[in-house]
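Tertiary structure, described
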Number of protein chains: 2
Amino acid sequence: MVYEVIDYRKAESDLAFGTTIMSPGKVGDEYYLTRGHFHIRRECGEAYYTQSGSGLLLLESRGGESRTVEMKPGTCAFIPPDWAHRSINTGPDKLVFAWFCATDAGHEYGEIAERGMRKLVLDRGGKAVVADNPRYSS
Amino acid sequence: MVYEVIDYRKAESDLAFGTTIMSPGKVGDEYYLTRGHFHIRRECGEAYYTQSGSGLLLLESRGGESRTVEMKPGTCAFIPPDWAHRSINTGPDKLVFAWFCATDAGHEYGEIAERGMRKLVLDRGGKAVVADNPRYSS
């Protein structure tokens, strides 16, 4: 198991939160990552509060802009509404973060599963490097 | 200044978050606290992720039930929709926590300001004790 999501979603609340625990590791030179997704309700943002470990939050807008936000203990990263997002564990330890979003935000995985994200995060001699995804198809 | 709120609310997002930094201290034997409030939109919950320090989250339902949740680094406390809430710094250091709620949840301070909350958190020989509020008027 590469990552585990603990969901404290409450049906009676508009706000959902939980914890994601990602193992360290790589497939080839690509670090372990979560499944990239959009929210079904496009107006819904999200926040990631990193508890331990180190990684990158990879963001991609509908218009094709890519951004990364460092994930390290004590930082709170914001995912703007309608940006695809994926977490990448670039460190030697587990990456643990709490996430917060609307209970009914919904996950839309199909588009990213099909076409990939425009950027990859690769291990280049022990350093995390953001690179173009050669398998990306628009 | 007893406490400070840094608000990262974004108009274009449904989710608001920020950081509250509370000084340690007391007024008489009552620890420093935030202004208790309900949310204007009664369906809106909230989550508090404690970064540093130690305290109590005091919750009170519309029906008059009181609860406390310990605030300490790494814990995420949930405020159910339509429960009044207040944070109390019971420790010797700053209490710092990140909060997450709907951008349009809204703050309703009047009711608690007028009648108080049913419980107080008091210093009894260096220990935080939850006690009935003698000034509470229903």
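The structure we're discussing is the one just above.
The paragraphs below set out a description of the structure included in this document. Since we're looking at a predicted model, the values are computed, not measured. (Residues numbered from 1 in each chain as written. Chains lettered and ligands numbered in written order. Predicted model: local features only at pLDDT ≥ 70, side-chain atom pairs only at ≥ 80, totals over all residues. Heavy atoms only, no water.)

The next point concerns the packing of aromatic side chains. Working definition: an aromatic ring pair is given by the centre-to-centre distance plus the angle between the planes. Inspection of every chain in the model, using the stated rule, returns ten aromatic pairs over all chains. A centroid spacing of 4.5 Å and a plane angle of 40° characterise the contact between Tyr48(A) and Phe97(A), whose relative ring orientation is tilted. With Tyr48(A) in strand E6 (residues 46–52) and Phe97(A) in strand E11 (residues 95–102), this residue pair connects regions lying 49 residues apart in the sequence. Side by side, Tyr48(A) and Phe97(A) carry an identical accessibility label, which is buried. When the ring of Tyr49(A) is compared with that of Tyr49(B), the centres are 4.0 Å apart and the planes differ by 35°; the resulting orientation is tilted. (Phe/Tyr/Trp six-rings, centres within 6.5 Å; stacked < 30°, edge-to-face > 60°. Helix = DSSP H or I, 4+ residues; strand = E, 2+ residues; numbered from the N terminus. Buried < 20%, exposed > 50% of the residue type's maximum accessible area, 1.4 Å probe, protein only.)

Residue and element names in this part refer to chain B. Strand order in the open sheet formed by five strands is E1-E2-E11-E6-E9, with antiparallel pairing between adjacent strands. On the outer flanks of this sheet lie strand E1 (3–7) and strand E9 (76–79), each paired with one strand and no other. Averaged over all pairs of adjacent strands, the angle between strand axes in this sheet comes to 25°, irrespective of strand direction. Where strand E2 (residues 15–22) meets strand E11 (residues 95–102), eight bridges bridge the pair, whose relative direction is antiparallel. Counterpart to Gly18 in the pairing with E11 is Trp99. (Pairing = 2+ DSSP bridges. Axes fitted to C-alpha atoms, helices over the stretch in contact; angles between N-to-C directions.)

Taken as rigid bodies, chain B and chain A are interconverted by a rotation of 180° and an axial shift of 0.0 Å, the fit giving an RMSD of 0.0 Å. Here the transformation between the copies is reduced to the relation of a two-fold axis. Measuring from the rotation axis to each C-alpha of chain B, the shortest distance belongs to Phe100(B), at 3.5 Å. A symmetric contact is evident, with 100% of the interface residues of chain B recurring at the interface of chain A. (Least-squares fit on C-alpha atoms with pLDDT ≥ 70 in both. Contact = heavy atoms within 4.5 Å.)

Once that is clear, we can look at the sheet that holds strand E9 (residues 76–79) of chain A. Picture the strands of a sheet paired through backbone hydrogen bonds; they go either parallel or antiparallel. All names here are of chain A. One open sheet accounts for five strands, arranged E1-E2-E11-E6-E9; its pairing is antiparallel. Two strands in the sheet have a free side with no partner beyond their single neighbour: strand E1 (3–7) and E9. For this sheet, the mean angle separating the axes of adjacent strands, direction not counted, is 25°.

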